[in-house]
Amino acid sequence: MNHRWLGGTLTNWATLQKSIKRLKLLKAMTEDGRMEQLSKKERARLDREMKHLFQNLEGIENMTQLPDAMFVIDSNAEEIAVKEARRMGVPVVSVVDTNCDPDVVDWIIPGNDDALRAIRLFTSKISESVAEGKAAYEQSQVGEHKAAADQALVDGVEYVDTSAYEQYEKQEGDFVEATTEEVAPPVEATVPPDDGKV
């Protein structure tokens, strides 16, 4: 968001989702030509509504759930955003100047939050880091899926019990199993000597 923070963006997420749906509907109407079929007055009203929604919701249009973290340039100027994030348990990363309270921010980046060049530097580095982290995460997910697929192939090879087939072959006489039976020597009967005592 670079225009203004809408109060309740995080705390009133369900209602904000309705506004995002409305924005997507108006964009779809513009793209498929339904907007052209309306009267001039109605079209102008919907154009104004779409412009207003686009200005406020452009940055979070594709966000389907609460964010995992929030990056703020000036935690003093964006006090409402920081309070909402803290209330919803979203960690806040912020550029903190001498006029800001560092206690309300989870991850502090000390720096000038007023200079345009500094803001461009911070936002570019954060966006690069997010893109790099996302790519690394996706790469690890691909690696985990590949490892899981390989393990499934290894686990998928089942041992086939062929004992029933071997039994059938024995009955048919085609399968001869080599057996080595040792024949025990005959046991001689040993009679205890007779002492003559009964």
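For the structure itself, look to the data block above.
What you see is a predicted model; the values in this text were computed from it and never measured.

**Side note on helix 1 (residues 13–32)**
An α-helical turn contains 3.6 residues, so a residue and the one three or four places further along point in the same direction. Look at helix 1: 28 Å from first C-alpha to last across 20 residues, which is about the 28 Å you get at 1.5 Å a residue. Three or more residues of helix 1 are buried, namely W13, L16, I20, L23, L26 and M29. Close packing links the buried residues of helix 1 with helix 2 (40–57). Directly beyond the C-terminal end of helix 1, a positive phi value near 90° is found at G33.

**Some points on the sheet that holds strand 3 (residues 107–110)**
Pairing is parallel in the open sheet, where three strands are placed in the order 1-2-3. The open sheet has two free edges, formed respectively by strand 1 (70–72) and strand 3, since each of these has just one partner strand. Here the average twist between neighbouring strands, direction ignored, is 15°. Judged from the four bridges that link them, strand 2 (residues 92–96) and strand 3 form a sheet pairing that is parallel.

**Re the nonpolar core**
It is characteristic of soluble globular proteins that their nonpolar side chains tend to be buried jointly. Counting 13 residues, the largest nonpolar core has L16, L26, L57 and I60 as its most contacted members. Breaking this core down by element, the ones donating at least two residues are helix 1 and helix 2. Ignoring anything within four residues of it in the chain, the contact list for L26 reads M35, L46, E49, M50 and L53. Ranked by size, the runner-up nonpolar core spans twelve residues in total, among them A81, A85, V92 and V96.

Reading the values: the criteria
- Every chain is numbered independently, its residues counted from 1 as its sequence is written.
- Totals for whole chains, interfaces and linings use every residue, but because this is a predicted model, local features are given only for residues with pLDDT of at least 70 and side-chain atom pairs only at 80 or more, for both listing and counting.
- Processing note: side-chain calculations cover all non-hydrogen atoms of the structure and skip hydrogens and water entirely.
- Every helix listed is a DSSP run of H or I at least four residues long, and every strand listed is a run of E at least two residues long, numbered separately from the N terminus.
- Here, expected helix span is obtained from the residue count minus one, scaled by 1.5 Å.
- Residue exposure (1.4 Å probe, protein chains only): buried if accessible area is under 20% of the type maximum, exposed if over 50%, otherwise partly exposed.
- Two residues form a contact once any of their heavy atoms are found within 4.5 Å.
- Strands are treated as partners if at least two bridges between them are detected by DSSP.
- Axis definition: a line fitted to C-alpha atoms, over the contacting stretch in the case of helices. Angles run 0 to 180 degrees between N-to-C directions.
- Put simply, a nonpolar core is a bunch of buried Ala, Val, Leu, Ile, Met, Phe, Trp, Tyr and Cys residues held in one set by side-chain atoms that sit within 4.5 Å of each other.

Function-wise, these values are silent; they only describe arrangement.
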